[in-house]
Structures are given as structure tokens and as C-alpha cells.
Amino acid sequence: MRRYALYLGCTTPTQVIPYELASRWVCRALGIELVDLAEFTCCGMNQVNLSLEAGSLLAAMNLAHAEAKGLDILALCPACAGTLAEETERLRDEGRRARINEALALVGLEYKGRARVRHLSRVLYEDIGPERIRAGVRRDLSALRLAPHYGCHSLKPKSVFEGSDDPDDPRTLHELIAAAGARPLPYATLPLCCGGKSFPVSPEPALSLVRKKLDDLIGRRADGLVVQCQTCYLMYSGQQKAVRERFGDRPLVPVLLYPQLLGLAMGGDPVDDLGLDLSAVPLDGILVKAGLAKWS
Amino acid sequence: MDRRDNASSSAPALGPDASFRRDVLRHEEARGLYACFSCGACTAGCPISEVFPEFSPRKLAKRVKLGLKRDVLEDPYIWRCTTCRGCEQHCPQNVRLYDILNVLKNMAAEAGFAPPAWVEQTRWVMRTGLVYPRDAALAKKRRARSLPALMSRGEQAERLIARTGADKIKAREEP
Ligand code: SF4
Ligand code: SF4
């Protein structure tokens, strides 16, 4: 049994509960044990806007907590995973580690440099692997043509993701979608950012970016978009209404988080296990093609 | 470091505020800035530039090199970066523009130009440990879905953030 400290981040447990539900269900079904740590806080990703130092201290504090429990971190948010992993790299420098540990001593902590951090999708890809995922599939999803959206923080920076996927031509999410039995759909705007991290201070450009990708998917007649980040999910699913209000009516594009898709394939209950009923965009089309009647 | 690369601009040697350049370059993350030769690959790879051409990472790098302190720190566009890191991925000179933008945002925040959203998030981290509030309605929603109660606390984060002075940063006045 693999055991990880579950790093929920800020947005998933407060605003994207279906991601948490589906992730916990899928991990349980695949024999990945997730341990909840009361000590975890924000990773510091957004704090760097005001203070790079504050961001680093928060990241290091969370790493120290996981390390103290002897656990590696499994993060649901790619930006948390990247922020924490990048900090583990910076903290290889002894001078920096000494300086950061001086601050951590304030709260009775020390980071020794042993924590390892990965995002859920990467753990699924590397620890379980497409082949074993395929072996666990119970429902036929081959009627679904789904576009993969990787999200910027799943591929960049190089220093963290070197060797795990190619940021210019990523394949892992394509393979994970195929392993769940659906058909990954090629499309032109695949690399496009969701704009989520600029949305709180400047919604305009972000909505334009969301619109661009949605319109591409509508043109490609995709059955849906598969994301692996709660912020991408909020932008592409949650903001579709705003896009339609601003830029005019257009067909709705269903959006799934990867563990929701995998959970569907593995026979999970769409509502209780995977939270598909909590989607801002109706997912009936997906359920019908998955051979499931629409829920009441 | 070769400073002659600004020779084609007017008042190149020092620019309007030479100390600004030095202050930026003092940060380890920003050191590569002088390798920038204004090729524009960063801007070509920037999604915000794609939909809002007024936002140009290349020009921003140039303005920092020219020492245009006020112009840069007061610019609301520096806050529009969506942290995708496309700029540094595409840069042939390994300039870490994303990190440089963070250095600039830190300086702008200290000078009183931080957007309320980021200041508010820091306040919440110091209280709940997360960038958002946590209320009874959320607790109920989580219970209804059999999810464990959220346990994070803000005390440790608060002490660490206070050590950096970021707890004192005030948001800019919104027009
Ligand atoms: S890509 Fe690099 S070298 Fe080219 S303009 Fe941007 S920062 Fe400068
Ligand atoms: S990190 Fe910011 S500046 Fe760089 S490409 Fe992305 S949005 Fe543009």
C-alpha cells in the first residue's frame, strides 16, 4: 500500500469539492492511502505576489510538516505541487536551508531536505501506470472524445518537471485518458493557459482565454474537456456562464476532472463517489455516452 | 555584466533611476535580466499578451533595464501575469521573467500598489491557514458529502508571514 500526505490546497476543499471526492475515491480504489494532516496550510503560491520570502516560508513549513510525519506529499493542485517541489530544489542549497530553518524554528520546525512532492496525476501515471489503470476499467467510455487540458503548472517550470513530460508536446494526460477507455482528442489550443491566476485581480483577459479554448472545442465537436487542476476547472466549467454572458450564447462544453473520468471508468457512483452533480455545466451528455442514464 | 547593451536608447548608462535596476538585480531570481536581448520570444509565448497586447513581458524587461521605476511599479499590468511561466520556457537566454515579475510585484506592494485581492488572501492565510474564509455553510456542505472537517489553522503561517513584514502591506485604493 502506498501512503501519502494528502495536500488539498486552498481552493479544492472550499470551492471544488467534487475534485476532492473523486480523488479520494479513486485513490482508495487503487490502493493509495491518503493521510490528512491538520498542520497543512496554503503552499505560498499566491503569497509570492506580496513577498517571495513569505511564499518560501509557507512552502518550507508545509514540507517540514510532511517530513516530520515521514510522508511524501500527494497534491491535488498542480500549482501547489510545483510550488512545494520547487522549494525542495531551492532548499538543497545549504545556506538557504539554514536561513529558512532559522525562521521555521520560530514555530518549532526544521526542514531537513527529505520531502518529495508530486501531483495526483503524476502519482497515478508513475506509481500505478496506464496499464494497471486499464486493468481496473469496468465501464466502456470509448464513445467519449475528450480534449486533454494539462494546465501550465503541470508542465512548468523545467527544473521541477524535467523528465516527467514534454512541455512542448505533453503526452501523459492523453495516455491517462486513453487508459480510462476514452479517446483523447487533438486540438489546436491545447497549450493555452486558463488565466485563473490573474482572474482575481483582472478577469477580462482570463475570460478571453477561456473563450478561446471553449470555442476551439465547440468547433472540434469535443464531448468534453478533461482537466487536472481545480483552478482550470473553475475557469472552464465555472466561468462558462460568464463567457456566454460576455461573448454571446454558444454550446456548453462539459468539463471533467481527471479522477472523475477515471472514477466513472472504474465503476464509481457518479454522484456519491464522484460529485458529477456539482458541475456548473450539465454532464448529461457524458453520462449518456458512458452508458449511464441521466440522474433525476 | 555588460551595460553597453542599452547604448541605442537615450540616456542609456544610468537611466532615470539606476538604483531601481540594482534593487531588482539584488534578488537572485532576477540576475539573468542582463542577458535579455529583447527578442520577444517571451511576449510571443505569453497568453495574456495574446488577448491583451498592452501586456508585454519583453517591454517590461526593457523598462526595468532602463530604470523606469515609477512607470513599472505603478503599472497595473504587472498584476495581470497569470503565472503560466511561458515566458521563461520560451526565453533563449534563460531570463526568469516570471520570477522577475514577482520581484517587481513585491516592490510595488511595498510601495502601496498591491491589489486588494492578494492582500485579502494573505490576511485569510494568517487566520484560517488557507487563502479563503471557512464558514459553517462550507462545513455543512463537506459533511453532507462525507468529507472530513477542515482542520488547518493560521497561527504558524501568521508568525512566519509577520517575520517577512508582508502582514503590514496595505492594498492600493481602488478607483
Ligand atoms: S525571451 Fe528572454 S531574451 Fe527574449 S525578450 Fe524575453 S526575456 Fe529577453
Ligand atoms: S508567466 Fe506571466 S508574463 Fe510570463 S508568459 Fe505567463 S502570463 Fe505572461
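Refer to the preceding data block for the structure.
Residues numbered from 1 in each chain as written. Chains lettered and ligands numbered in written order. Predicted model: local features only at pLDDT ≥ 70, side-chain atom pairs only at ≥ 80, totals over all residues. Heavy atoms only, no water.

Q: Explain the site of ligand 1 to me, please; I cannot follow it from the model alone.
A: Inspection of the region around ligand 1 gives 13 residues, with C36(B), C39(B), G40(B), C42(B) and C91(B) positioned closest. Of the residues in the shell around ligand 1, the class split is 9 nonpolar, 3 polar and 1 charged. (Near = heavy atom within 4 Å. Nonpolar A, V, L, I, M, F, W, Y, C, P; charged D, E, K, R; others polar.)

Q: Just to check I follow, could you spell out the interface of chain B and chain A for this structure?
A: One frequent convention defines the size of an interface as the accessible area lost when the parts assemble. On the chain A side, the residues contacting the 53 residues of chain B number 63 residues. Interface area, chain B with chain A, both sides summed: about 5200 Å², of which 62% is carbon and sulfur. Broken down residue by residue, the surface that chain B buries against chain A is led by W118(B), R145(B) and L160(B), which jointly contribute 14%. For the pair chain B and chain A, the number of links is 5 salt bridges. Between R163(B) and E102(A) there is a salt bridge whose closest N-O contact spans 3.9 Å. Our count for the contact surface shared by chain B and chain A stands at 24 residue pairs in polar contact (both at pLDDT 80 or more). (Contact = heavy atoms within 4.5 Å. Buried area = accessible area lost by both parts, 1.4 Å probe. Salt bridge = Lys/Arg side-chain N within 4 Å of Asp/Glu carboxyl O. Polar contact = N/O pair within 3.5 Å; in protein donor to acceptor, adjacent residues only side chain to side chain.)

Q: Any chance you could explain the pairing of strand β1 (residues 2–7) of chain A here in plain terms?
A: Residue and element names in this part refer to chain A. Note: β1 against strand β2 (residues 32–36), 5 bridges, orientation parallel. Considered in β2, the bridge of R3 is made with E33. With 4 bridges connecting them, β1 and strand β3 (residues 72–75) associate as parallel partners. Note that in β3 the partner of A5 across the bridge is I73. (Pairing = 2+ DSSP bridges. Helix = DSSP H or I, 4+ residues; strand = E, 2+ residues; numbered from the N terminus.)

Q: I keep staring at helix α8 (residues 172–179) of chain A and nothing clicks. Help me out?
A: Given 3.6 residues to a turn, an α-helix orients residues that are three or four positions apart in the same direction. Residues and elements named next belong to chain A. In terms of residue burial, α8 counts as a mostly covered element, since 6 of its 8 residues are buried. Packed against the buried residues of α8 are α6 (120–135), β5 (145–149), β6 (183–184), β7 (224–227) and α12 (258–265). Positioned one or two residues after α8, G181 has a phi angle of 95°, which is positive. (Buried < 20%, exposed > 50% of the residue type's maximum accessible area, 1.4 Å probe, protein only.)

Q: What am I meant to see in the site of ligand 2 here?
A: Taken together, the neighbourhood of ligand 2 is formed by 13 residues, with C46(B), C81(B), C84(B), R85(B) and C87(B) sitting nearest. Considered class by class, the residues forming the shell around ligand 2 number 9 nonpolar, 3 polar and 1 charged.

Q: I tried to follow unusual backbone geometry on my own but got confused; where do I start?
A: A negative phi angle is the norm for most residues apart from glycine, just as the trans form is the norm for most peptide bonds. In this structure, P157(A) follows K156(A) across a cis peptide bond, with omega equal to 10°. Locating P157(A) in the fold gives a position in the loop between β5 and α7 (158–161).

Q: I'm lost on the pattern of salt bridges in this one. Help?
A: Where side chains of opposite charge bring their charged atoms close, a pairing between them can arise. For the coordinates displayed, the defined rule picks out 31 salt bridges over all chains. For R96(A), the salt bridge is made with E87(A), and the minimal N-O distance between the two is 3.2 Å. Across the salt bridge formed by R122(A) and E126(A), the nearest N and O atoms sit 2.9 Å from each other. Here R122(A) and its partner E126(A) are both found in helix α6, 4 residues apart, which amounts to about one turn of the helix. Of the residues examined, R122(A) reaches a relative accessible area of 22% and is grouped as partly exposed. Judged by relative accessible area, E126(A) falls into the partly exposed class, the value being 36%. Among the charged side chains, a network of salt bridges with common partners joins E86(A), E87(A), R90(A), R96(A), R85(B) and E88(B).

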